[in-house]
Amino acid sequence: MQPNRLATNTRDFVAGDDAQAAIRKAVNIIRELATAAYGPRSGNVAIESVYGDPITSHDGVFNLDHLHLPDAAVNIAARALIQSSKQTNVRVGDGTTAASVLACALYDDLKKLVADGVCSRMEAAKRLERAAAGAI
C-alpha cells in the first residue's frame with residue numbers, strides 16, 4: 001500500500017513486516033560484503049564507480065562506505081549498519097569490518113530469540129545492553 005503523497009518532497013516509508021524484510025536483506029548484504037574483505041585470507045572487492053573506472057579494494061570500511069543499494073528501504077537499513085562501522089573507525093581506529101560482522105551475527109541471534117519466543121524484543125534489547133556492558 002502506497003502512502004498518500006502530501007507534497008512533492010515527501011518520501012515513501014516502510015513499516016512492519018516490510019521493514020523487517022528490508023533490514024534482514026540489508027544485514028545479509030552487509031555480511032557478505034564485510035566478510036569478503038575480512039581477515040588475512042580474504043579477497044578483494046570490485047566496486048563500480050559512477051564516473052571512471054571500477055575500484056578494487058581490500059579495505060572493509062571503504063567497501064561498506066561505497067555500498068549504495070537500489071532499494072531505498074534496504075539501503076536505509078544498510079546505511080545504519082555502515083554508520084555504526086564508521087563510528088568504530090572514528091572511536092577505535094580499527095575493527096570496522098569486525099564490527100559489521102559482529103552486528104550481523106548479533107542481529108541473527110536476537111531475531112532467533114524473539115522468533116522462538118524466548119524473550120520479547122525489549123528483553124532482547126536489554127540482554128544486548130547487559131552483554132555490551134559486561135564486555136566493556
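Everything quoted here is computed from the prediction, not taken from an experiment.

**Student:** Lay out the packing of helix α4 (residues 96-115) against helix α5 (residues 121-135) with the relevant residues and their values.
**Tutor:** Remark: α4 packs on α5, axes separated minimally by 9 Å, with the N-to-C direction vectors making an angle of 140°. The angle between the axes of α4 and α5 places the two elements in the oblique class. Where α4 crosses over α5, the two elements pack in a sense that is right-handed. Residues Leu 106, Leu 110, Leu 113 and Val 114 of α4 touch α5, and the partners they reach there are Arg 121, Ala 124, Arg 127 and Leu 128. When grouped by side-chain class, the residues that make up the contact of α4 with α5 number six nonpolar, no polar and two charged.

**Student:** Lay out the nonpolar core in plain terms, naming residues and giving numbers.
**Tutor:** If you look at the biggest cluster of nonpolar residues, it comprises 18 residues, and the most contacted ones within it are Ile 30 and Leu 67. Broken down by element, this core gets its largest block of residues, six residues, from helix α3 (residues 72-91). The contact partners of Leu 67, leaving out residues within four places of it in the chain, are Ile 29, Ile 30, Leu 33, Asn 75, Arg 79 and Ile 82.

**Student:** Describe the pattern of salt bridges, naming the residues involved and giving the relevant values.
**Tutor:** Taken as a whole and judged by the stated rule, the model has five salt bridges. For Asp 108, the salt bridge goes to Arg 31, with nearest N and O atoms at 2.1 Å. Highlighted residues: Asp 108 in helix α4 and Arg 31 in helix α1 (residues 16-36), separated in sequence by 77 residues. Judged by its relative accessible area of 24%, Arg 31 is partly exposed. For Asp 65, the salt bridge goes to Arg 79, with nearest N and O atoms at 3.5 Å. In this pair, Asp 65 sits in helix α2 (residues 60-65) while Arg 79 sits in helix α3, placing the two residues 14 residues apart along the sequence. Assessed through its relative accessible area of 28%, Asp 65 is described here as partly exposed. Connected through shared salt-bridge partners, Asp 65, Arg 79 and Lys 86 make up one network.

**Student:** Outline the environment of Ala 131, listing residues and values.
**Tutor:** For Ala 131, the position within the fold is in helix α5. Note on Ala 131: relative accessible area 46%, which makes it partly exposed. Each C-alpha atom, one on Ala 131 and one on Ala 19, is 26 Å from the other, the two residues being 112 residues apart in sequence.

**Student:** Before we move on, can you summarise the state of the cysteines with the specific residues and values?
**Tutor:** Per the counting criterion, the structure on display carries zero disulfides. In this structure Cys 104 is not part of a disulfide, and its nearest cysteine sulfur, from Cys 119, lies 19 Å away. For Cys 119, a relative accessible area of 9% puts it in the buried group.

**Student:** Got a sec to walk through α3? Specific residues and values, please.
**Tutor:** Under the 1.5 Å per step criterion, the end-to-end length of α3 is 28 Å for 20 residues, consistent within 8% with the ideal 28 Å. Among the residues of α3, Ala 73, Val 74, Asn 75, Ala 77, Ala 78, Leu 81, Ile 82 and Ser 85 are the ones counted as buried. The secondary structure elements touched by the buried residues of α3 are α1, α2 and α4. At the N-terminal boundary of α3, the capping side chain belongs to Asp 71, with an oxygen 3.2 Å from the backbone nitrogen of Ala 73. Looking one or two places after α3, you find Gly 93, whose phi comes out positive at around 95°.

Thresholds, definitions, all that
- Residues numbered from 1 in each chain as written.
- Predicted model: local features only at pLDDT ≥ 70, side-chain atom pairs only at ≥ 80, totals over all residues.
- Heavy atoms only, no water.
- Axes fitted to C-alpha atoms, helices over the stretch in contact; angles between N-to-C directions.
- Helix = DSSP H or I, 4+ residues; strand = E, 2+ residues; numbered from the N terminus.
- Parallel < 35°, antiparallel > 145°, perpendicular 65-115°, else oblique.
- Left-handed = near helix turned anticlockwise from the far one by under 90°.
- Contact = heavy atoms within 4.5 Å.
- Nonpolar A, V, L, I, M, F, W, Y, C, P; charged D, E, K, R; others polar.
- Core = buried A, V, L, I, M, F, W, Y, C linked by side-chain atoms within 4.5 Å.
- Buried < 20%, exposed > 50% of the residue type's maximum accessible area, 1.4 Å probe, protein only.
- Salt bridge = Lys/Arg side-chain N within 4 Å of Asp/Glu carboxyl O.
- Disulfide = S-S within 2.5 Å.
- Expected span 1.5 Å × (residues − 1).
- Polar contact = N/O pair within 3.5 Å; in protein donor to acceptor, adjacent residues only side chain to side chain.

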